[in-house]
Amino acid sequence: MNKEKAAAAKALFMEGYNCSQAVVGAWAEDIGLDSETAYKIASGFGGGIGRMREVCGAFTGAVMVLGLKFGNTIGSDRAAKGKDYERVQLFAKRFKEELLGLSGPSDPDPAKRTKEYYQKRPCPETVAIASGLLGEFME
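How each quantity is defined
Residues numbered from 1 in each chain as written. Predicted model: local features only at pLDDT ≥ 70, side-chain atom pairs only at ≥ 80, totals over all residues. Heavy atoms only, no water. Phe/Tyr/Trp six-rings, centres within 6.5 Å; stacked < 30°, edge-to-face > 60°. Helix = DSSP H or I, 4+ residues; strand = E, 2+ residues; numbered from the N terminus. Buried < 20%, exposed > 50% of the residue type's maximum accessible area, 1.4 Å probe, protein only. Disulfide = S-S within 2.5 Å. Core = buried A, V, L, I, M, F, W, Y, C linked by side-chain atoms within 4.5 Å. Contact = heavy atoms within 4.5 Å.

1. Here we look at the packing of aromatic side chains
Logical step 1: This model, assessed by the stated rule, comprises five aromatic pairs.
Logical step 2: When the centroid spacing of 5.7 Å and the interplanar angle of 35° are considered together, the rings of Phe-59 and Phe-95 count as tilted. Taken together, the positions of Phe-59 in helix α4 (residues 57-70) and Phe-95 in helix α5 (residues 78-98) put the pair 36 residues apart, joining distant regions of the chain. By the burial criterion, Phe-59 is buried, and Phe-95 matches it.
Logical step 3: Pairing Phe-91 with Phe-95 gives two aromatic rings, centres 5.9 Å apart and planes at 20°, and the pair type is stacked. A residue pair is termed a helical-turn pair when its members lie 3 or 4 positions apart in one helix, as Phe-91 and Phe-95 do in helix α5 at four residues.
Logical step 4: Judged by its relative accessible area of 6%, Phe-95 is buried.

Set out below in structure tokens:
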């Protein structure tokens, strides 16, 4: 677990970035992105992709980081695709081991970040876990 990246992702989330932006932003320098580009790439994935509560934004952010670090660039390279998918599946397994599921409305309007908001959602801890776990996969 990379505690530095976990803390960085949590801090970004607490500044107002969505969960996906927080994870990608924490790792931006390591994957060759400037912060602005990282935030833009990840912007639509927050709230479970556009706040539809489909796939956890912290998870999608982590998958983006893995792809930008190790991703296949040759369409016909089936072995490399298999490695990408295996890496994501291994990360997903570890991520699931650390988390409980999210719940909430599928309203497209972002919720106001109040004390009650943070009591109902594990997002700050979720982005910390996702970003920290990436440390095991980034070497």
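Now that the structure has been shown, we can carry on.
2. So, the state of the cysteines
Logical step 1: With the rule as written, the count across this model stands at zero disulfides.
Logical step 2: With no disulfide of its own, Cys-19 has Cys-123 as its nearest cysteine by sulfur position, at a separation of 5.4 Å.

3. Things to note about the nonpolar core
Logical step 1: Counting residues in hydrophobic clusters, the biggest one holds 34 residues, and the most contacted among them are Val-24, Ala-58, Phe-91, Phe-95, Val-127 and Leu-134.
Logical step 2: Contributions of two or more residues to this core are made by α1 (3-15), α2 (19-27), α3 (35-42), α4, α5 and α7 (123-137).
Logical step 3: Here this core gets seven residues from one element, more than from any other, and that element is α7.
Logical step 4: In contact with Phe-95, not counting residues within four places along its chain, are Cys-56, Ala-58, Phe-59, Thr-126, Ile-129, Ala-130 and Leu-133.

4. A short note on the environment of Phe-13
Logical step 1: Note that Phe-13 resides in helix α1.
Logical step 2: Spatially, the C-alpha atom of Phe-13 lies 6.3 Å from that of Pro-124, the residues being 111 residues apart in sequence.

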